[in-house]
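Tertiary structure, described
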Amino acid sequence: MNDLSAPVVGPSLTEQARAALGKRNLVFVGLMGAGKSVIGRMVAQALSLPFVDTDTEIERVSRMTISELFAAYGEVEFRSLETRVIARLMEGGPRVISTGGGAFINENTRQVIGEGGVSVWLNAELDVLWERVNKRDHRPLLKTENPKATLENLMHQRYPIYALADLTVQSGQVRKEAMVTNVLSALAKSDQKGDGE
Ligand SMILES: Nc1ncnc2c1ncn2[C@@H]1O[C@H](COP(=O)(O)OP(=O)(O)O)[C@@H](O)[C@H]1O
Ligand SMILES: O=C(O)C1=C[C@@H](OP(=O)(O)O)[C@@H](O)[C@H](O)C1
Ligand SMILES: [Mg+2]
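Residues numbered from 1 in each chain as written. Chains lettered and ligands numbered in written order. Predicted model: local features only at pLDDT ≥ 70, side-chain atom pairs only at ≥ 80, totals over all residues.

Every residue close to ligand 2 is listed here: Met32, Lys36, Ser37, Asp55, Ile66, Gly100, Gly101, Gly102, Arg139, Pro140 and Leu141. Among the residues forming the shell around ligand 2, the class breakdown is 4 nonpolar, 4 polar and 3 charged. (Near = placed C-beta within 6 Å. Nonpolar A, V, L, I, M, F, W, Y, C, P; charged D, E, K, R; others polar.)

Right, dumping it as structure tokens:
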């Protein structure tokens with residue numbers, strides 16, 4: 001006879017998300033200020049997985065800051081280094097990888113991410129992004145006369161491409177902890193659609 005008084009305890013959201021990911025990497029994409037670096041690190045902690053930020057990794061291997069790399073070698077060289085670093089990171093897994101905003105726009109990089117990763121686009125509106133990025137000056141692409149207009153142009157160019165990501169999570173005026181929950185929910189739900197392992 002079934003024990004109807006026993007509580008029904010299913011797997012936690014974290015367990016469901018972790019199961020959905022399997023051996024793949026969870027890869028954060030989106031525009032500057034979307035929260036890829038910060039939320040990626042928190043999601044990795046929640047999933048008990050290693051975390052890598054590709055900008056930090058690029059700075060480590062080149063022993064230069066992103067701004068120094070752009071100034072010394074230009075954006076084209078930076079992209080080529082970024083593609084190589086991401087291709088290498090994608091070989092191992094599972095882990096959580098936060099990319100720089102331009103990475104997913106590069107066709108080669110996007111293909112590499114598609115092969116061994118679940119991509120998550122943190123989608124945010126211009127005012128949210130601007131409020132977050134204008135406090136710091138380490139992003140070389142925003143060193144223009146009108147950085148907010150630059151950001152807006154990048155939105156128009158890039159959003160149709162970010163939309164190709166496997167999952168999309170809105171990054172608005174939501175607390176960081178809630179963002180983590182929303183990412184885990186999106187990942188867990190993707191499994192129910194049969195996208196997981
Ligand atoms: N949901 C959020 N609520 C409040 N601040 C946030 C949120 N997400 C990101 N931030 C802040 O916005 C800034 C940019 O975040 P970051 O992770 O560096 O973005 P990205 O790597 O996408 O450029 C950081 O100061 C971060 O703390
Ligand atoms: O959008 C971009 O092309 C870039 C975004 C930056 O990373 P974040 O998106 O983490 O700021 C960094 O990779 C570089 O400044 C270029
Ligand atoms: Mg970042």
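Turning next to the environment of Thr168. Here Thr168 shows up in strand β5 (residues 167–170). Taking the C-beta count within 10 Å as the criterion, Thr168 has 16 such neighbours and is therefore assigned partly exposed. Thr168 sits 47 residues away from Trp121 along the chain, and the two C-alpha atoms are 4.7 Å apart. Contacts of Thr168, omitting those with residues within four sequence positions, involve Trp121 and Asn123. (Helix = DSSP H or I, 4+ residues; strand = E, 2+ residues; numbered from the N terminus. Buried ≥ 20, exposed ≤ 12 C-beta atoms within 10 Å, placed from the backbone. Contact = placed C-beta atoms within 7 Å.)

This part is about the site of ligand 1. Taken together, 14 residues lie around ligand 1, and Gly35, Lys36, Ser37, Val38 and Arg132 are the ones closest in. Counting only elements with at least two residues in the shell around ligand 1, the list comes to α2 (36–47) and α8 (176–192).

Glancing now at the packing of helix α4 (residues 66–91) against helix α5 (residues 107–116). Put simply, α4 and α5 touch, their axes get as near as 9 Å, and they point 5° apart. Compared by their axis directions, α4 and α5 come out roughly parallel. Residues Glu82, Thr83, Ile86, Ala87 and Met90 of α4 form the contact with α5, whose participating residues are Asn108, Thr109, Val112, Ile113, Glu115 and Gly116. (Axes fitted to C-alpha atoms, helices over the stretch in contact; angles between N-to-C directions. Parallel < 35°, antiparallel > 145°, perpendicular 65-115°, else oblique.)

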